[in-house]
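A closer look at the structure
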Amino acid sequence: MQNEDYDIETLAVRAGITRSQFGEHSEALYLTSSFVFNNAAEAQARFKGEQPGNIYARFTNPTVTMFEQRLAALEGAERCVATASGMAAILATVMGLLKAGDHIIASRSIFGSTVQLFSNIIGRFGVETTYVSPTDISEWQAALRPNTKLFFVESPSNPLTEVSDIRALSALAKQSGVVLAVDNCFCSPALQQPLKLGADIVVHSATKYLDGQGRVLGGAVLGSHQLLEGVYGFLRTAGPTMSAFNAWVFLKGLETLKLRMDAHSASALALATWLEAHPNVARVYYPGLASHPQHELAMRQQRTGGGIVAFEVKGGQPAAWQVIDATKMISITANLGDAKTTITHPTTTTHSRMTPEQRANAGINDGLLRVAVGLESLRDIQNDLARGLDAL
Ligand SMILES: *Cc1c(COP(=O)(O)O)cnc(C)c1O
């Protein structure tokens with residue numbers, strides 16, 4: 001099938017399928033670690049790369065390849081390399097593209113483990129990272145050094161849903177000979193396609209919306225054949241590979257991605273609007289609201305505001321905890337991108353490793369709550385939050 005001819009809903013269901021001799025309709029799950037050759041010469045040709053085909057599942061497996069091709073079609077990428085987790089995707093990007101002495105400029109508002117990876121692990125191998133504002137491009141410009149090789153950004157950010165101007169960052173990156181990588185976890189390709197906005201690399205935690213039902217871990221790196229060659233080389237040798245079983249789960253998850261993202265987004269917008277009018281809520285952070293500082297930019301580069309809503313309750317941590325503990329249905333967990341709605345208090349969970357001063361700089365105050373809106377009825381989600389909010 002020619003991917004260019006089809007819409008995203010169709011690609012999510014049909015792109016990347018390779019059928020075996022049995023003509024199975026649903027994607028097959030190949031649980032095999034290695035592949036056999038017809039003769040010694042064929043084995044040699046495969047290992048030399050002269051003949052296409054599978055060798056060993058650390059680097060290729062037909063089920064994983066189907067997932068890679070489907071996600072590549074959705075993101076409009078030449079190539080995709082699937083990984084064991086979202087963190088493995090970010091690690092593979094850095095290991096594939098950078099060397100000791102290189103410099104990264106990253107948004108200050110990125111996933112906590114990404115900060116740990118850049119500062120405490122990659123930093124030990126001679127790659128330094130400077131953190132800048134996700135929304136002020138002049139800080140990126142000012143942080144540029146002759147050895148800057150990578151811009152890394154997440155948009156919208158977690159938990160405050162700040163939106164970065166991907167086109168503007170791409171223009172600065174191109175002019176400076178830097179690769180721009182975007183973590184597209186919050187939007188998924190159903191809502192935002194960073195490569196079409198000028199990004200060079202997209203990374204995913206497939207664990208979140210691509211699965212969509214909180215079952216398995218996985219990740220992916222997408223981009224041009226040229227940029228992905230080193231990423232693939234790292235994966236082939238070092239082995240943070242996606243399992244075939246997980247790839248099969250993600251293939252099934254992708255089939256409903258667009259439908260789920262539209263439903264998450266519609267409920268999130270309605271919930272954000274309701275929260276904004278609640279007397280015990282001080283502030284709501286949701287890119288789909290007109291009150292969001294980058295609302296217009298968000299509506300230009302995303303199809304919707306997404307499924308994550310953050311809000312500050314009046315009364316700080318005790319009030320925030322009271323709202324959490326009054327819920328009867330919503331799951332108290334830090335995961336997101338699940339059919340089940342989740343609630344978390346960033347100050348004491350996902351962002352607890354930051355100092356109070358770092359949190360204050362990032363705008364994360366003690367009354368902040370983050371809700372990843374699931375697929376339950378909006379009325380039930382709202383009632384579950386109203387119980388605690390009304391009692392404050
Ligand atoms: C969860 C997450 C990751 C890491 O993904 P894992 O699959 O948990 O390794 C990276 N970036 C963002 C934005 C995330 O939410």
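Everything numeric here is computed off the predicted structure, so don't read it as measured data. (Residues numbered from 1 in each chain as written. Predicted model: local features only at pLDDT ≥ 70, side-chain atom pairs only at ≥ 80, totals over all residues. Heavy atoms only, no water.)

Quick notes on the UniProt feature "modified residue: N6-(pyridoxal phosphate)lysine" (unreviewed entry) in the chain
This chain's UniProt record puts "modified residue: N6-(pyridoxal phosphate)lysine" (unreviewed entry) on K208. Its location among the elements puts K208 in the loop between β6 (201-205) and β7 (219-223). In this structure K208 comes out as buried when scored by relative accessible area, which is 12%. Setting aside residues up to four positions removed in sequence, K208 forms contacts with C185, N335, L336 and G337. (UniProt positions renumbered as here; feature names shortened; annotations may be inferred. Helix = DSSP H or I, 4+ residues; strand = E, 2+ residues; numbered from the N terminus. Buried < 20%, exposed > 50% of the residue type's maximum accessible area, 1.4 Å probe, protein only. Contact = heavy atoms within 4.5 Å.)

So, the site of the ligand
With respect to spatial proximity, the complete set of residues near the ligand consists of S85, G86, M87, F111, E154, D183, C185, S205, T207, K208 and G218. For the ligand, an oxygen atom lies 2.9 Å from a polar atom in the side chain of S205. About the coverage of the ligand: the protein hides 92% of its 380 Å² of free accessible area. The class makeup of the residues in the shell around the ligand is three nonpolar, five polar and three charged. (Near = heavy atom within 4 Å. Polar contact = N/O pair within 3.5 Å; in protein donor to acceptor, adjacent residues only side chain to side chain. Areas by Shrake-Rupley, 256 points an atom, 1.4 Å probe, with all protein chains shown as cover. Nonpolar A, V, L, I, M, F, W, Y, C, P; charged D, E, K, R; others polar.)

Digging into the side chain of S107
Relative to the helices and strands, S107 is located in strand β2 (residues 103-107). The class for S107 is buried, based on a relative accessible area of 0%. There is a polar contact of 2.9 Å between the side chain of S107 and the backbone nitrogen of S109.

Some points on the sheet that holds strand β12 (residues 368-372)
Spatial strand order, β8-β9-β12-β11-β10: five strands in an open sheet with mixed pairing. On the outer flanks of this sheet lie β8 (281-285) and β10 (331-332), each paired with one strand and no other. Relative to strand β9 (residues 308-313), β8 runs antiparallel, the two sharing four bridges. When the sheet's bridge partners are listed, V284 is paired in β9 with F311. Strand contacts of helix α12 (residues 316-325): β9, β10, β11 (342-344) and β12, with the helix running at about 130 degrees to β9, the strand carrying the most contacts. (Pairing = 2+ DSSP bridges. Axes fitted to C-alpha atoms, helices over the stretch in contact; angles between N-to-C directions.)

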